[in-house]
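Chain by chain, the residues:
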Amino acid sequence: MDADASGAKANAGVEADYQPGSAEQYIMNNLDRLGFNKANNPATCHIWNDNGATTPEVYNSLVTYKKDIDRYNEIIEKFNPVPSTMDMIRQDQGGVLQSIICDSLRLHPDGMQGIFPSKQLSFTSSGYVEPLLPPMRSHKICDNRRHLMSLDYLVHDFEFMCRKLKPTSRLVLLDMGASLDFHGTAVTPIVTLLKQYEKFGFVFDHIYGFEITKKDPNVIYKTSLPEEYIPSYHWINVGVSSKEGDKLNPLHSIIKKLNKDDFVVVKLDIDTSSIEVPLTRELLGDKDGVYSKIIDQFYFEHHVHLGELAGNWKSSMNGTVGESLELFSNLRKKGIPAHFWP
């Protein structure tokens, strides 16, 4: 799908069918042959490094994709930050300005596909995203573990997402398993993600941070939170519930109170699969048909039996790589653009 076609879908408010990249589709069709349906901590990096692990076409496409994703990250790094898109859209009476604003977020004259000649991006209801591939984070950990917490494998289509905004849209981030290390020497992934959204003008009106580890409110508000987040940050120092309808289930008490015109990002990383998996299954089940209309991006660290991460996840692993790939694929098909979280 070219940039004009994807932009037209966003402007028309049409929910796009999920279109996986060809390498992702091959992996999904060959989970048994690749050993990804076994709970014996299978290694997965061979799909990137062994030209005999898949097919010549798939291997070559991934070789090219590695160059593409590096180029994408270089472009993201060099992109000049823009002011709040919503501040401008809210002042735009005739809707003409929004088109100009969103045009300014285009990273290549030919859109996202112009950066990715490998054509391995997948297309979702929020535009182009990275393909779902193991090792469920940056492929660079196959050669160097220092990339373990890197977000350089994630792809966001900011132009597409911008075109879906309305003058009444609220920008909301729900962070389940919140970390507030804004000033530490090792910047946490959620802070990196937040800063990238802000760079492209997506400034959140509300950030809900749920965290079960007790923190001193004086430290949170006087030290941890930068001043610019004081108006938008809601620190909720309790654990979340996976019980449907419970007030401490943020999907019920927060997400269902929003609407389809809002821009909503959800991150789930509480390192407790007995709570995380039911919450994710609730999203997938979507009994009321609201989550797929409201959630624009979903990030989840799913601890399954995966060789490259077994040393990190240890006893928290449950399920297989294949089950995880199918879960995330089904979420995307449902209309919830899902990403692996480090």
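Scroll up to find the structure this text is about.
My aim in this report is to walk through the structure given alongside it, one point at a time. (Residues numbered from 1 in each chain as written. Predicted model: local features only at pLDDT ≥ 70, side-chain atom pairs only at ≥ 80, totals over all residues. Heavy atoms only, no water.)

**Observations concerning the side chain of Asn249**
Along the chain, Asn249 turns up in the loop between β5 (233-236) and α10 (250-253). Engagement of the side chain of Asn249 in a polar contact is seen with the backbone nitrogen of Leu251, the distance being 2.9 Å. With residues near it in sequence (within four places) discarded, Asn249 still touches Ser241, Ser242, Lys243, Glu244, Leu279 and Glu282. (Helix = DSSP H or I, 4+ residues; strand = E, 2+ residues; numbered from the N terminus. Polar contact = N/O pair within 3.5 Å; in protein donor to acceptor, adjacent residues only side chain to side chain. Contact = heavy atoms within 4.5 Å.)

**Section: the pattern of salt bridges**
Per the stated rule, a full pass over the model turns up 17 salt bridges. Measuring nitrogen to oxygen at the nearest pair gives 2.8 Å for the salt bridge that ties Glu301 to Arg137. Here Glu301, found in the loop between β7 (295-300) and α13 (310-313), pairs with Arg137, found in the loop between β2 (127-129) and α7 (158-163); they are 164 residues apart in sequence, far enough to count as distant. Residue classification places Arg137 among the buried positions, given a relative accessible area of 6%. One salt bridge connects Glu228 with Lys195, and the closest N-O pair in it is separated by 4.0 Å. Residue Glu228 is found in the loop between α9 (217-224) and β5, and its partner Lys195 is found in helix α8 (residues 189-199); the two are separated by 33 residues along the sequence. (Salt bridge = Lys/Arg side-chain N within 4 Å of Asp/Glu carboxyl O. Buried < 20%, exposed > 50% of the residue type's maximum accessible area, 1.4 Å probe, protein only.)

**What to know about the nonpolar core**
Core analysis: the largest hydrophobic core is formed by 102 residues, its most contacted members being Tyr197, Phe202, Ile255 and Phe298. No other element matches the six residues that helix α4 (residues 56-78) contributes to this core. With sequence-adjacent residues up to four places away left out, Tyr197 is seen in contact with His156, Phe158, Met161, Phe202, Phe204, Phe263, Val265, Gln297 and Tyr299. (Core = buried A, V, L, I, M, F, W, Y, C linked by side-chain atoms within 4.5 Å.)

**Structural notes on the state of the cysteines**
Enumeration over the complete set of coordinates arrives at two disulfides. Between the sulfur atoms of Cys45 and its disulfide mate Cys142 the distance is 1.9 Å. Because the sign of the S-S torsion sets the handedness, a value of about -85° for the bond joining Cys45 and Cys142 places this disulfide among the left-handed ones. With Cys45 in the loop between α2 (22-29) and α3 (46-49) and Cys142 in the loop between β2 and α7, this pair connects stretches of sequence that are 97 residues apart. For the pair formed by Cys45 and Cys142, the shared burial category is buried. Between the sulfur atoms of Cys102 and its disulfide mate Cys162 the distance is 2.0 Å. With the S-S bond torsion at -75°, the cross-link from Cys102 to Cys162 turns out left-handed. Residue Cys102 is found in helix α6 (residues 96-103), and its partner Cys162 is found in helix α7; the two are separated by 60 residues along the sequence. Both residues of the pair, Cys102 and Cys162, belong to the buried class. (Disulfide = S-S within 2.5 Å.)

**Topic: the packing of aromatic side chains**
As enumerated under the stated definition, the model contains 17 aromatic pairs in all. Taken together, a centroid distance of 5.6 Å and an interplanar angle of 65° make the contact between Tyr299 and Trp341 edge-to-face. Taken as a pair, Tyr299 in strand β7 and Trp341 in the segment after β8 (338-340) lie far apart in primary sequence, 42 residues in all. Cluster of aromatic residues (ring-pair linked, three or more members): Phe79, Phe158, Tyr197, Phe200, Phe202, Phe204 and Phe263. (Phe/Tyr/Trp six-rings, centres within 6.5 Å; stacked < 30°, edge-to-face > 60°.)

**A word on unusual backbone geometry**
In this structure, Pro135 follows Pro134 across a cis peptide bond, with omega equal to 15°. If you trace the backbone, Pro135 turns up in the loop between β2 and α7. Its identity as a non-glycine residue notwithstanding, Asp271 has a phi of 55°, on the positive side. Its place among the elements puts Asp271 in the loop between β6 (263-268) and α11 (273-285). On the basis of relative accessible area, Asp271 is assigned to the partly exposed category, the value being 47%. Positive phi outside glycine occurs at Asp286, with the angle close to 45°. For Asp286, the location among the structural elements is in the loop between α11 and α12 (291-294).

**Some details on helix α14 (residues 321-334)**
With 14 residues, α14 extends 20 Å between its outermost C-alpha atoms, agreeing within 8% with the 20 Å of an ideal straight helix rising 1.5 Å per residue. Turning to α14, its buried residues number three or more, namely Val321, Gly322, Ser324, Leu325, Leu327, Phe328, Ser329, Leu331 and Arg332. Those residues of α14 that are buried lie in contact with α2, β1 (122-124), β2, α11, β7 and β8. Within two residues after α14, Gly335 carries a phi angle of roughly 105°, on the positive side. (Expected span 1.5 Å × (residues − 1).)

**Observations regarding empty space enclosed by the protein**
Inspection of every chain in the model, using the stated rule, returns four cavities of 30 Å³ or more. When its volume is computed, the largest cavity comes out at roughly 150 Å³. Trp48, Glu130, Pro131, Arg137 and Tyr153 are the residues nearest the centre of the largest cavity, which is lined by 15 residues in total. Of the residues that constitute the lining of the largest cavity, the class distribution is nine nonpolar, two polar and four charged. (1 Å grid on protein atoms, 1.4 Å probe; cavity = no way out; pocket = protein on both sides within 12 Å on 5 of 7 lines; lining within 4 Å. Points joined across faces, edges and corners; volume = space filled by probe spheres on them. Nonpolar A, V, L, I, M, F, W, Y, C, P; charged D, E, K, R; others polar.)

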